[in-house]
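Descriptive structure summary
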Amino acid sequence: MSPEKVTIQDLIQKKSQGQKITMLTAYDYPFARLVDQAGVDIVLVGDSLANVVLGLESTTDVGMFEMLHHTKAVRRGVQRALLIGDMPYESYQQRPEDAVANARRFVEEAGCDAVKLEWFDQCVDVARAIVQVGIPVMGHVGLTPQTAEKFRVQGRDLESARAIMRHARALEACGCFSIVLECVPVELAQCITDDLKIITIGIGAGPECDGQVLVTPDLLGLYDRFQPRFAKRYANIGADVLESLKRYCADVSGGEFPSSEHSFYLPDDQIDMLDQLELEEGE
Ligand code: KIV
C-alpha cells in the first residue's frame, strides 16, 4: 500500500497547528527514497544540483535539461512527500508565457506537484501566470543564489529588510503558497512569518519560520567544497564512503576480493566440461 501523499492543504494545516514543516533536497533515485522514507514533508530538486552533484561553480550553470533529468529520477523515488522542482536560471526570467511552458514541463514531464522560483524584478507577473494555470508556486527571497552578487546575510539594514518584506508580501499577493527565506536575520524571518498567511521555509533564517530546508549533501557531509554556517552536519558520509572505497582498492590489490563468498563455481559434475571448452573454428 502506498503511503498517503502530502498535500499543500496538509502543510497549511501544519502551519495553523504550529507544527514545523520539513523540507530537504534530493537529486537522484536512491536519496529520493531515503528522504521520503525519513518522513520529510517536501522534497525539493534544487538547482543546488549544479554545485553539490554536478561539480559546477554556480547554480546558473544548470538548465531545464539537467533539472528535468534529475527531477524524473527523484519522482520515481518519492511516494509520499510533496515534490517541488526548482526552476533554473533563465527558464522563467523572460516572458511569462515561456515561464508557464517551462513550469508545465516540471509538472507534466517530471511529475512535480509544484515549482519554486527565485525573486527577480518581474517575478510577480511570472509567478501569477504560473499560478493561474493551476501550478502551485513557492517563491524564494532573501539570498537568491541565481542573481546574488555576494553570498552573505541579507536584510541587515532597514532598506534591504524592507525590500525583502515587500518581495514576500508581493509573492503572497500573487498566489504563491509558500516562500523560502534564505540567509536573513532571525528577527526579520519572524516578522515576515508573522506577517504572512502563507508558509515560510527557512534556510539560514532561524527557528521562527514555519519550516526548515537544508541541502541534503550539506547535512550528510557529502559535499566538502563549501560548508555554510547555517547547515548542521548530522553525519560525515563522505569520509565513510572514502574509507570504504579505499578498503575495496586494498582488497582487490591484495587478492582478498572477490573471495569464494562472492564467486560462483561450477557444480562438481560439470568440472570436466572445461576440457571441451576449446572453440570450433567460426564459433
Ligand atoms: O537549490 C536549492 O537547493 C535551494 C534550497 C537551498 C532552498 O534553493
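Attention in this report is confined to the structure presented alongside it. Quick caveat: nothing in here was measured; it's all calculated off a predicted structure.

Ordered in space as S1-S2-S3-S4-S5-S6-S7-S8, the 8 strands form a closed barrel in which the pairing is parallel. Strand-to-strand twist across the sheet, computed as the mean angle between neighbouring axes with direction ignored, equals 25°. On the sheet, helix H4 (residues 64–77) packs against strand S2 (42–45) and strand S3 (82–86) and is oriented at approximately 150° with respect to S2.

So, on to the state of the cysteines. The final tally for this structure, using the stated rule, is 0 disulfides. With no disulfide of its own, Cys191 lies 11 Å from the sulfur of Cys209, the closest cysteine sulfur. What makes Cys191 partly exposed here is its relative accessible area of 44%.

Around the ligand, the structure places Thr25, Leu44, Gly46, Asp47, Ser48, Asp86, Lys116, His140, Ile203, Val213 and Val215. Asp47 has a polar side-chain atom sitting 2.9 Å from an oxygen atom of the ligand. Interatomic distance of 3.0 Å between a side-chain N/O atom of Lys116 and an oxygen atom of the ligand. Coverage of the ligand by the protein amounts to 95% of the 260 Å² it exposes when considered alone. Here the ligand is seated within the largest pocket. Split into classes, the residues belonging to the shell around the ligand amount to 4 nonpolar, 4 polar and 3 charged.

The next thing to look at is the environment of Glu97. With respect to the secondary-structure elements, Glu97 resides in helix H5 (residues 96–108). Separated by 170 residues in sequence, Glu97 and Pro267 place their C-alpha atoms 66 Å apart.

Turning next to the pattern of salt bridges. Between side chains of opposite charge, a pair can form when the charged atoms approach closely. Using the criterion set out here, one finds 11 salt bridges in the structure. The closest approach of N and O atoms between Lys5 and Asp113, which form a salt bridge, is 3.5 Å. Of the two residues, Lys5 sits in the segment before helix H1 (8–16) while Asp113 sits in the loop between H5 and strand S4 (114–118), which places them 108 residues apart along the sequence. We classify Lys5 as partly exposed; its relative accessible area is 36%. Asp113 sits in the partly exposed class, given a relative accessible area of 24%. Arg105 is the salt-bridge partner of Glu109, the closest N and O atoms lying 2.7 Å from each other. Accessibility expressed as a relative area gives 38% for Glu109, which makes it partly exposed. Owing to a relative accessible area of 33%, Arg105 belongs among the partly exposed residues under this scheme. By sharing partners, the salt bridges in this structure join Lys5, Arg75 and Asp113 into a single network.

Calculation criteria
Residues numbered from 1 in each chain as written. Predicted model: local features only at pLDDT ≥ 70, side-chain atom pairs only at ≥ 80, totals over all residues. Heavy atoms only, no water. Pairing = 2+ DSSP bridges. Helix = DSSP H or I, 4+ residues; strand = E, 2+ residues; numbered from the N terminus. Axes fitted to C-alpha atoms, helices over the stretch in contact; angles between N-to-C directions. Contact = heavy atoms within 4.5 Å. Disulfide = S-S within 2.5 Å. Buried < 20%, exposed > 50% of the residue type's maximum accessible area, 1.4 Å probe, protein only. Near = heavy atom within 4 Å. Polar contact = N/O pair within 3.5 Å; in protein donor to acceptor, adjacent residues only side chain to side chain. Areas by Shrake-Rupley, 256 points an atom, 1.4 Å probe, with all protein chains shown as cover. 1 Å grid on protein atoms, 1.4 Å probe; cavity = no way out; pocket = protein on both sides within 12 Å on 5 of 7 lines; lining within 4 Å. Sits in = over half its atoms within 2 Å of the grid points. Nonpolar A, V, L, I, M, F, W, Y, C, P; charged D, E, K, R; others polar. Salt bridge = Lys/Arg side-chain N within 4 Å of Asp/Glu carboxyl O.

Geometry only, nothing functional implied.
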